Amino acid sequence: MESRLLDLDLPPSLVMKAEIEIQEKPAWRDGDIQAFKDMIQKEDNLNACLDDRFIIRFLRARKYDYDRALRMLKTYYAMKAAYPTLFSQLQPSLLASALRQNIYHILPDKDDEGRHVFIIRMGLWDPNMNSMEEMFRAALTCLEYISTDTSTQVCGIVAITDCKGLAFHHAKHFTPSLAKRCAAVLKDCFPLRFKGIHVMNEPLIVDMLFSMLKPFLSAKILSRFHFHGEKLESLHQHVPKRILPLNYGGLKPPLPLDGSDLLQKLMDAEQWLNDLDNYGYRSKVPATKVLNSEKGNFFTGYFCLQGW
C-alpha cells in the first residue's frame, strides 16, 4: 500500500488518456498542484491535508477545474463535519466485523478501460451484527483505498451492487436522509469518477429504495445506472467476463468465502486512513455554509429543515 501512496505518476499507457480526458499535462502538474494548494489555504477555518498525493485526487476527479475541485474538497470535509458517524473513523480495525461479512470485494483485475470493479452484496448484511452506519463507513473505507490508485483516479470506477437476498429487514434502514448521503458520494463529495453502477438480482423492494435515491442524482449519474436482474449476459456487455468471478458468469475463481483478504489489504493502509481524521473544518459553522451555499445543492433544504 505504501508504494501506491508514494507515487503521483501514471503508467505510460495512461499519460495520453489523462491529457485527453481530464486535461492533465505532466509538464503543468506541479504548477497545478501548487495553485490548488494556494486556493485551499485561503479557506477560513479549514485545516485540509495538503499532501500532493491527497489533493491530486480532487484535481483528477474534476478534470483540473480548480473551482470544481475546491468545491468537492470543501464538501468532502463538510460531510465529515456534518456526519462524523458516517464519514469519519474509517479505520479498518474499527470496522473489522463489517468487513468480514463478505459483502465488499475489489476485483484484482481491471476492466478494458482500466477501471477498478467494486462489488457490494448487501443481501449478505446482518443488521443484528453491524449497523447501517458501520456498513456505510466500511464501503467508504474501501473507496478511500481504491482512490489511492493513480490509474483509477484517471479511469474511474465501476460498481456492481448485487441485491440477491435483500429484504425488508434490510430496506427499513435505508432512509431518505441516508439516500442523500449516498448520492453525495456518487455526485458531490468523493474524489472518484463513478463510470457505471450495475444492479443485479434486484427484488421489487429495490424500486422503492431507488425512488428515494433518484431525486438527488444528476442526469449524468442516473444515465450510468444499469439494472440487469438475473441476466448475466447483460452485465457482460459492460464488464468483461475475463475479470469477473464465477459468481457472475466470469472466468475468474469464485469470490472469497470471507472478507479476510480485503480486511488485510485495508489494514495495511490503517495509518493513512487514521490520519484522514486529523484534518477538516475547525467548527460546524463553515461546514454548514458549504453545504447550503451552492445554488440547487440538494443538501440545502435538508440542512435548513434540520436547523443546521
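Conventions used here
- Residues numbered from 1 in each chain as written.
- Predicted model: local features only at pLDDT ≥ 70, side-chain atom pairs only at ≥ 80, totals over all residues.
- Heavy atoms only, no water.
- Buried < 20%, exposed > 50% of the residue type's maximum accessible area, 1.4 Å probe, protein only.
- Helix = DSSP H or I, 4+ residues; strand = E, 2+ residues; numbered from the N terminus.
- Pairing = 2+ DSSP bridges.
- UniProt positions renumbered as here; feature names shortened; annotations may be inferred.
- Salt bridge = Lys/Arg side-chain N within 4 Å of Asp/Glu carboxyl O.
- pLDDT = per-residue confidence, 0-100.
- Contact = heavy atoms within 4.5 Å.
- Axes fitted to C-alpha atoms, helices over the stretch in contact; angles between N-to-C directions.
- Phe/Tyr/Trp six-rings, centres within 6.5 Å; stacked < 30°, edge-to-face > 60°.
- Lys NZ or Arg CZ within 6 Å of the ring centre and 35° of its normal.
- Lys, Arg positive; Asp, Glu negative; His and termini not counted.
- Polar contact = N/O pair within 3.5 Å; in protein donor to acceptor, adjacent residues only side chain to side chain.
- Disulfide = S-S within 2.5 Å.

- The name an unreviewed UniProt entry gives the chain is CRAL-TRIO domain-containing protein, with Darwinula stevensoni as the organism.

## Observations concerning the pairing of strand 5 (residues 194-200)
Working step 1: Among the seven residues in strand 5, six count as buried, and that is most of the element.
Working step 2: By the bridge criterion, six bridges tie strand 4 (residues 157-162) to strand 5 in an arrangement that is parallel. In the strand pairing of strand 5, A159 is matched with I197.
Working step 3: Relative to strand 6 (residues 225-229), strand 5 runs parallel, the two being bridged by four bridges. When the bridges of strand 6 are listed, V199 appears paired with F227.

## Thoughts on the UniProt feature "domain: CRAL-TRIO" (unreviewed entry) in the chain
Working step 1: Within this structure's numbering, the places UniProt gives as "domain: CRAL-TRIO" (unreviewed entry) are residues 92-256.
Working step 2: Split by type, residues 92-256 is 36% helix and 16% strand. Its first and last C-alpha atoms lie 18 Å apart.

## Brief notes about the pattern of salt bridges
Working step 1: Tallied over the full model, the rule gives 14 salt bridges.
Working step 2: Between D9 and R29 there is a salt bridge, with its nearest N and O atoms 2.7 Å apart. You can see D9 sitting in the loop between helix 1 (2-5) and helix 2 (12-22) and its partner R29 sitting in helix 3 (residues 29-41), a full 20 residues away along the chain.
Working step 3: Here E21 and K17 are joined by a salt bridge, their closest N and O atoms 2.9 Å apart. Of this pair, E21 and K17 both sit in helix 2, four residues apart, which is roughly one turn of that helix.
Working step 4: Linked through salt bridges whose partners overlap, the residues forming this network are D9, E24, R29 and R60.

## Points about unusual backbone geometry
Working step 1: Positioned with a positive phi, N45 is a non-glycine residue whose angle comes to about 65°.
Working step 2: Mapped onto the elements, N45 comes out in the loop between helix 3 and strand 1 (46-47).
Working step 3: Backbone geometry at N102 places phi at a positive 70°, although glycine is not the residue there.

## Considering the confidence of the model for the chain
Working step 1: Per-residue confidence for the chain gives a mean pLDDT of 88, with 93% of residues at or over 70.
Working step 2: Mean pLDDT across the secondary structure elements of the chain bottoms out at helix 18 (residues 299-305), with 38, and peaks at helix 14 (residues 232-236), with 97.
Working step 3: Predicted confidence is poor over residues 1-6, with pLDDT under 50, and the contacts of this stretch with residues over four places away or in other chains come to 13 contacts.
Working step 4: Long-range and interchain partners of residues 295-308, a stretch whose pLDDT sits below 50, account for 32 contacts in this model, where long-range means more than four residues apart.

## Section: the sheet that holds strand 3 (residues 116-120)
Working step 1: The mixed open sheet is built from five strands, whose spatial order is 2-3-4-5-6. Both outer strands of the open sheet, strand 2 (104-106) and strand 6, are each paired with one neighbouring strand and no more. Direction aside, the axes of adjacent strands within the sheet are offset by 20° on average.

## A closer look at the packing of aromatic side chains
Working step 1: Applying the stated criterion across every chain yields a total of eleven aromatic pairs.
Working step 2: An aromatic cluster is present here, built from F54, F58, Y76, Y77 and F190 joined pairwise through their rings.
Working step 3: Between R181 and the ring centre of Y83, over which it is positioned, the NZ or CZ distance is 3.8 Å.

## Observations concerning the pairing of strand 3
Working step 1: With five of its five residues buried, strand 3 lies for the most part within the structure.
Working step 2: Where burial is concerned, the two faces of strand 3 agree: the one with H116, F118 and I120 and the one with V117 and I119 are both buried.
Working step 3: For strand 2 and strand 3, the ladder comprises three bridges, and the chain directions are antiparallel. Across the sheet, residue H105 finds its bridge partner in strand 3, namely I119.

## What about the side chain of R181?
Working step 1: Within the secondary structure, R181 is located in helix 11 (residues 176-187).
Working step 2: Buried charged residue R181 carries no salt bridge. Nearest counter-charge: E133, at 6.0 Å.
Working step 3: Side-chain polar atoms of R181 contact the backbone oxygen of S177, separated by 3.2 Å.

## Things to note about the state of the cysteines
Working step 1: A full pass over the atoms with the stated rule returns zero disulfides.
Working step 2: In this model C189 remains outside any disulfide bridge; the closest cysteine sulfur is found in C182, 10 Å from its own.

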